[in-house]
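Residue-level structural notes
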Amino acid sequence: MAKKKQNSETKSNRIIGRRYRYTGDYTVYQVLSPGGGMTKRVTYNGRWILPTNDPEEYGKIVSLLWILTAVAAAAIAGALCVLPAPMTHKWYMPVLVMGLFPLGYQIMGAVMIPPQITHMERQRFDKSFLRTGHSAMFTFVVVCLSALGCGIYWIVYAVSTIEDSAPYSLMDGLFAFLLILAAAAEFTVYKTARRIKTDTLDNDAYQP
């Protein structure tokens, strides 16, 4: 019983740690406002993260991340729209829908990527480059699982009879093509995000 309670406390501490892992990077203090009252001010006291890529290379990487994220989003959205009815037994469609969640995080990360090299707070770097790359890999896995399910479905259809199923159409082919396009884009996003090289600087090395 004591061991179970200890494991529960450890798990809770990990969740709390993840939720508040950036709080140590900031200092909150009270200052006198122009109106005579007190107001809160927040200053960053954590370490700075500075990309060390050549400015031209950095610009190409960022542009590629933005473009490929847009391509992946368009391909997945298109795949969800073109798959023809009936949807009976096409369980690979709900699998693809699950990919919208990491894709949403990826888009949020891509939006936060600075267009030019700049000193970034640790939270900004994690929620831009790291979030974009990691979310792209999660989306890549989901898309591949959906493509695998699609392949298995049509193999089973070819060797046996699937009740209430429609014959193969060009829309099914387009669906498969869009899955391949999305998977290729997401894998490239993951690899491209890893090309960012960084240096970590002490807080007093840069004053915004």
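Structure shown above.
Residues numbered from 1 in each chain as written. Predicted model: local features only at pLDDT ≥ 70, side-chain atom pairs only at ≥ 80, totals over all residues. Heavy atoms only, no water.

Overview of the overall build of the protein
A count of helical and extended segments in the protein gives 6 helices and 5 strands. What you see in the protein, going N to C, is helices and strands ordered as α-β-β-β-α-α-α-β-α-α-β. Residue burial in the protein is summarised as follows: out of 208 residues, 33% are buried. Taking contacts inside the protein between residues at least 6 apart in sequence as the whole, the part at least 24 apart equals 72%. Summed over all atoms, the accessible surface of the protein reaches about 12800 Å², with 63% contributed by carbon and sulfur. (Helix = DSSP H or I, 4+ residues; strand = E, 2+ residues; numbered from the N terminus. Buried < 20%, exposed > 50% of the residue type's maximum accessible area, 1.4 Å probe, protein only. Contact = heavy atoms within 4.5 Å. Areas by Shrake-Rupley, 256 points an atom, 1.4 Å probe, with all protein chains shown as cover.)

Digging into the packing of helix 2 (residues 55–82) against helix 6 (residues 170–193)
When two helices pack together, you describe them by how their axes are tilted relative to each other and by the distance separating the axes. Contact pair helix 2 / helix 6: the axes reach a minimum separation of 8 Å and the direction vectors enclose 155 degrees. As far as their axial angle goes, helix 6 and helix 2 are roughly antiparallel. Judged by the twist between their axes, the crossing of helix 2 over helix 6 is left-handed. Taken together, the residues of the contact of helix 2 with helix 6 sort by class into 20 nonpolar, 4 polar and 1 charged. (Axes fitted to C-alpha atoms, helices over the stretch in contact; angles between N-to-C directions. Parallel < 35°, antiparallel > 145°, perpendicular 65-115°, else oblique. Left-handed = near helix turned anticlockwise from the far one by under 90°. Nonpolar A, V, L, I, M, F, W, Y, C, P; charged D, E, K, R; others polar.)

Brief notes about helix 4 (residues 100–112)
Residues spaced three or four apart along an α-helix face the same direction, because each turn holds 3.6 residues. Here helix 4 spans 19 Å end to end across 13 residues, near enough to the 18 Å set by a 1.5 Å rise per residue. When we look at burial in helix 4, the residues that qualify are Pro 102, Leu 103, Gln 106, Gly 109 and Ala 110. Viewed end-on, helix 4 has its buried residues packed into an arc of 120 degrees, placing them on one side of the element. For helix 4, the exposed residues set more than 90 degrees away from the buried face come down to Phe 101 and Val 111. The inward-facing, buried residues of helix 4 abut helix 2, helix 3 (92–98), helix 5 (122–159) and helix 6. (Expected span 1.5 Å × (residues − 1). Arc of directions from axis to C-beta.)

Observations regarding the nonpolar core
Ranked by size, the top nonpolar core spans 18 residues in total, and within it Ile 76, Ala 79, Tyr 92, Leu 96, Val 143, Phe 175 and Leu 179 carry the most contacts. Elements that contribute at least two residues to this core include exactly helix 2, helix 3, helix 5 and helix 6. No other element matches the 5 residues that helix 6 contributes to this core. Ignoring any residue separated from it by four or fewer positions in sequence, one finds Leu 96 in contact with Ile 76, Ala 79, Leu 80, Val 142, Val 143, Ser 146, Phe 175 and Leu 179. (Core = buried A, V, L, I, M, F, W, Y, C linked by side-chain atoms within 4.5 Å.)

Overview of helix 6
Over its 24 residues, helix 6 runs 35 Å from end to end, which matches the ideal 34 Å to within 8%, given 1.5 Å per residue. Residues of helix 6 that are buried include every one of Asp 172, Phe 175, Leu 178, Leu 179, Ala 182, Ala 183, Ala 185, Glu 186, Val 189, Thr 192 and Ala 193, and no others. Residues of helix 6 that are buried make contact with helix 2, helix 3, helix 4 and helix 5.

What to know about a nonpolar patch on the surface
Taken together, the side chains of Trp 91, Val 141, Leu 145, Leu 148, Ile 152 and Val 156 make up a nonpolar region of the molecular surface, amounting to roughly 540 Å² of accessible area. Relative to the helices and strands, Leu 148 is located in helix 5. Accessibility expressed as a relative area gives 52% for Leu 148, which makes it exposed. (Patch = residues over 30% accessible without salt bridge, like charges linked within 9 Å, V, L, I, M, F, W, Y side chains within 5 Å. Salt bridge = Lys/Arg side-chain N within 4 Å of Asp/Glu carboxyl O.)

So, the packing of aromatic side chains
Under the criterion given, the structure shown has 9 aromatic pairs. Centre to centre, the rings of Trp 48 and Tyr 206 are 5.0 Å apart; their planes meet at 85 degrees, and the pair counts as edge-to-face. Placement of Trp 48 in strand 3 (residues 48–51) and of Tyr 206 in the segment after strand 5 (198–201) is noted, with a sequence separation of 158 residues between them. On the basis of relative accessible area, Tyr 206 is assigned to the partly exposed category, the value being 24%. By the ring-pair criterion, three or more aromatic residues cluster together here, those being Tyr 26, Tyr 44, Trp 48 and Tyr 206. (Phe/Tyr/Trp six-rings, centres within 6.5 Å; stacked < 30°, edge-to-face > 60°.)

A word on the sheet that holds strand 5
The 3 strands lie next to each other as 4-3-5, forming an open sheet whose pairing is antiparallel. The open sheet terminates on both sides in strands that have one partner only, identified here as strand 4 (120–121) and strand 5. Taken together, the 2 bridges between strand 3 and strand 4 define a ladder with antiparallel strand orientation. Opposite Ile 49, over in strand 4, you have Met 120 as the bridge partner. (Pairing = 2+ DSSP bridges.)

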